[in-house]
Structures are given as structure tokens and as C-alpha cells.
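Fold and contact review
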Amino acid sequence: MESLEEYLQTRAGGAILDIACGGGAFARRLVDGLASYASVTGLDIADKRDEFLANVDGHDVTFVASAIADYLRGDHGFDTISVSNALHHLEGVGDILRDLRAIANADAVVIIHEMYADGLTPPQQTQRDLHALIARLHLGMGEYHREAYTRGDIHGFIEGAGLEVAHAFDAPHDDAPVEKGPDGFAGRAGSVIADAYPDGAPADVSTEYERLKARAVEIGVARPPQMTLVCAYE
Ligand SMILES: C[S@@+](CC[C@H](N)C(=O)[O-])C[C@H]1O[C@@H](n2cnc3c(N)ncnc32)[C@H](O)[C@@H]1O
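Residues numbered from 1 in each chain as written. Predicted model: local features only at pLDDT ≥ 70, side-chain atom pairs only at ≥ 80, totals over all residues. Heavy atoms only, no water.

**Concerning the overall build of the protein**
- Secondary structure assignment for the protein yields nine helices and seven strands.
- For a compact globule of 234 residues, the expected C-alpha radius of gyration is about 17 Å, and the protein comes in at 18 Å, within 12% of that figure.
- By its C-alpha atoms, the protein is 50 × 35 × 35 Å across when sized along the principal axes.
- Taken over 234 residues, the protein has a buried fraction of 48%.
- Sequence-distant contacts, at least 24 apart, represent 76% of the contacts inside the protein between residues at least 6 apart.
- In the structure as shown, the protein presents an accessible area of about 10,900 Å², 47% of it carried by carbon and sulfur atoms.
- One finds the centroid of the 18 positive side-chain charges in the protein at a distance of 3 Å from the centroid of its 38 negative side-chain charges. (Helix = DSSP H or I, 4+ residues; strand = E, 2+ residues; numbered from the N terminus. Rg over C-alpha atoms; globule rule 2.2 N^0.38 Å. Buried < 20%, exposed > 50% of the residue type's maximum accessible area, 1.4 Å probe, protein only. Contact = heavy atoms within 4.5 Å. Areas by Shrake-Rupley, 256 points an atom, 1.4 Å probe, with all protein chains shown as cover. Lys, Arg positive; Asp, Glu negative; His and termini not counted. Charge placed at Lys NZ, Arg CZ, Asp CG, Glu CD.)

**A look at the packing of aromatic side chains**
- Under the criterion given, the structure shown has three aromatic pairs.
- Between F52 and F63, the aromatic rings sit 5.9 Å apart at their centres with planes inclined by 50 degrees, giving tilted as the arrangement. Note that F52 is positioned in helix α3 (residues 49-55) and F63 in strand β3 (residues 61-65), a separation of 11 residues in sequence.
- Exposure remark for F63: the relative accessible area of 5% places this residue in the buried category. (Phe/Tyr/Trp six-rings, centres within 6.5 Å; stacked < 30°, edge-to-face > 60°.)

**Focus: the site of the ligand**
- As a structural note, the neighbourhood of the ligand is formed by 15 residues, with A20, D44, I45, I68 and S84 the closest of them.
- Contact distances for the ligand include 2.5 Å between an oxygen atom and a side-chain N or O atom of D44.
- Here a nitrogen atom of the ligand and a backbone polar atom of I68 are 3.1 Å apart.
- In isolation the ligand exposes 600 Å². Once the protein is present, 78% of that is buried.
- Judged by the fraction of its atoms near the pocket grid, the ligand is located in the largest pocket.
- Considering only residue class, the shell around the ligand consists of eight nonpolar, five polar and two charged. (Near = heavy atom within 4 Å. Polar contact = N/O pair within 3.5 Å; in protein donor to acceptor, adjacent residues only side chain to side chain. 1 Å grid on protein atoms, 1.4 Å probe; cavity = no way out; pocket = protein on both sides within 12 Å on 5 of 7 lines; lining within 4 Å. Sits in = over half its atoms within 2 Å of the grid points. Nonpolar A, V, L, I, M, F, W, Y, C, P; charged D, E, K, R; others polar.)

**Thoughts on the environment of G13**
- Within the element layout of this structure, G13 appears in the loop between α1 (4-8) and β1 (15-19).
- G13 sits 49 residues away from T62 along the chain, and the two C-alpha atoms are 16 Å apart.
- Beyond its immediate sequence surroundings of up to four residues, G13 is in contact with L34, S36, Y37, D79 and T80.

**Some remarks on the layout of surface pockets**
- Here the largest pocket is characterised by a volume of approximately 640 Å³.
- The volume enclosed by the second largest pocket comes to roughly 420 Å³.
- Residue lining of the second largest pocket: 16 residues in total, with M115, Q127, H131, F185 and R188 positioned closest to the centre.
- Breaking the lining of the second largest pocket down by element, the ones donating at least two residues are α6 (122-140) and α8 (184-196).
- The biggest single contributor to the lining of the second largest pocket is α6, with four residues. (Points joined across faces, edges and corners; volume = space filled by probe spheres on them.)

**Quick word on the pairing of strand β5 (residues 104-115)**
- Buried residues dominate β5, accounting for nine of its 12 residues.
- Direction of pairing for strand β4 (residues 78-84) relative to β5: parallel, over a ladder of six bridges. From the neighbouring strand, S82 faces β5, where its bridge partner is I111.
- Traced from β4 through helix α5 (residues 93-99) to β5, the parallel crossover comes out right-handed.
- Two strands pair when backbone bridges link them, and β5 and strand β7 (residues 226-233) are joined in this way by six bridges, in the antiparallel orientation. The residue bridging I112 from the neighbouring strand is L229, located in β7. (Pairing = 2+ DSSP bridges. Right-handed = clockwise from strand over helix to strand, strands pointing away.)

**Notes on the nonpolar core**
- Core analysis: the largest hydrophobic core is formed by 33 residues, its most contacted members being I68, I81, L97 and L100.
- Of all the elements in the fold, those that place two or more residues in this core are β1, α4 (68-71), β4, α5, β5, α7 (151-160) and β7.
- With residues up to four places along the chain from it excluded, the contact list for I81 reads L17, I19, L100, I103, A104, V109, V110 and I111.
- Formed by 19 residues, the second largest nonpolar core is a distinct cluster that contains Y7, F26, A27 and Y37. (Core = buried A, V, L, I, M, F, W, Y, C linked by side-chain atoms within 4.5 Å.)

Structure follows, in C-alpha cells:
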């Protein structure tokens, strides 16, 4: 199978849980791609209810505002569980992937969709480093956010959780358009610095930001590679 969409066409999705759903971009992809589904629950620690419900306009759609670790203590059952671009936002991600088993129905799949941090082109390396700076600033502001994981890290979490990969799709994005200049993603890092340090950033942060801005101008910034793994518990 060549793509996630090709896989989704073959699957009756049943009850879907999209963890750390944000505004619902990935849940929307599932709803549009699956052969069928019964219900969709989007869960996020932030209140993204309005955005999620506006984007995922299928049938039987619910939004739950909760940290995933708390939700796992409840009595729930899902057939398709997804985590998109959020492994690096989840504290204790290995434990969470292991404990999801408690809310996974028999024959459930866990779909992991995550950018990765190895085998990068130079513009992707700029993106990785800017993202790492943003993640470090968020951590300092009390929000759990890590730099991107490598493919080895991600496979390590999966194996440690007792999951087996049934289908893997890789999007290296090595021909992605390159954005050159100090705005765009580099500008976003600048905004996060301004939020984190309204009275001026410490020297190490400013130095790193200046390095990355110069890199964004000279080498550019490009979309990171992404892996999608369809997994099931052993
Ligand atoms: C980069 S966004 C990904 C959004 C969406 N899944 C997507 O692919 O577009 C990461 C999301 O993780 C959420 N998040 C962070 N920690 C969480 C937690 N412990 N439980 C649930 N959601 C969490 C954030 O609020 C944020 O919406």
C-alpha cells in the first residue's frame, strides 16, 4: 500500500478517537478517507471545541477537553485511535501509548502521524532547529513541548508500548518548497521569544535565534519529513 488514504479506504473505522486533535485536521482526513466510521471523538488538553466541530462536520462528532492521561482512567472503547503531530507534545508518551490498550477495542488500530528529525535536507534542518528553539521556550513557559523525535525514537516508543507496525508510510518531503527569509517560521520563533521574554531574551536564546534567522535567509526553511504508522497491539 502506497499511502494512508489507500489504507483508509480499506477500513471500517468504527469509533474513532483523535488524541491531541487540535483543530481537527487529522480527524478530518480520517473521516474523509475511511470506508466508514461510527463516531469521532476529538480530545485535546486545550479547548479547541469550536474549531474542531467546525472542521470535522461528519456524523456523531464529539469534542472532549482533557489531558489524555486523565481520559485513559475512564471507561471508553475505540476502534481507530490516532495521534497526529503530537507525540512530542505528550509528557510520558511511552506510558500513554502503552496505556491506550485499555481503551482499544479488539482489532483496534493506533495510527501515529509524526514529523521526524533525522535524514533531513539543509532547509529541513533549519526547520528542525527553529522548532527545537520554540519547544524549549514553551517548556520554559510551562507547556510540555519537546524537539522532534528521530524515527528510531518513535519506533522505540511503539515497540515499548507493545504495538506492532502493520503499515508504514513515509513522506520525506525532500522536494518541499524552500521558504527563504526572516519571516515565516523564523518569524514565528521570534513571536514566541517575545511572549516568553517580554523584557528581552537572555543572550543564549538571542544568539541561537540570530543564527537561525541567518540560516533561514541563506539556506531557507522547509516542511519536515513525516512518518505515518498504522499499528496494532501484539
Ligand atoms: C501540534 S498540535 C497537533 C494538532 C493536530 N493533531 C494536528 O495534527 O493538526 C499538538 C496538540 O497537542 C495538544 N496537547 C498537548 N498535550 C496534550 C495532552 N496531554 N493531552 C491532550 N492533548 C494535548 C495541544 O493542545 C495541541 O493542540
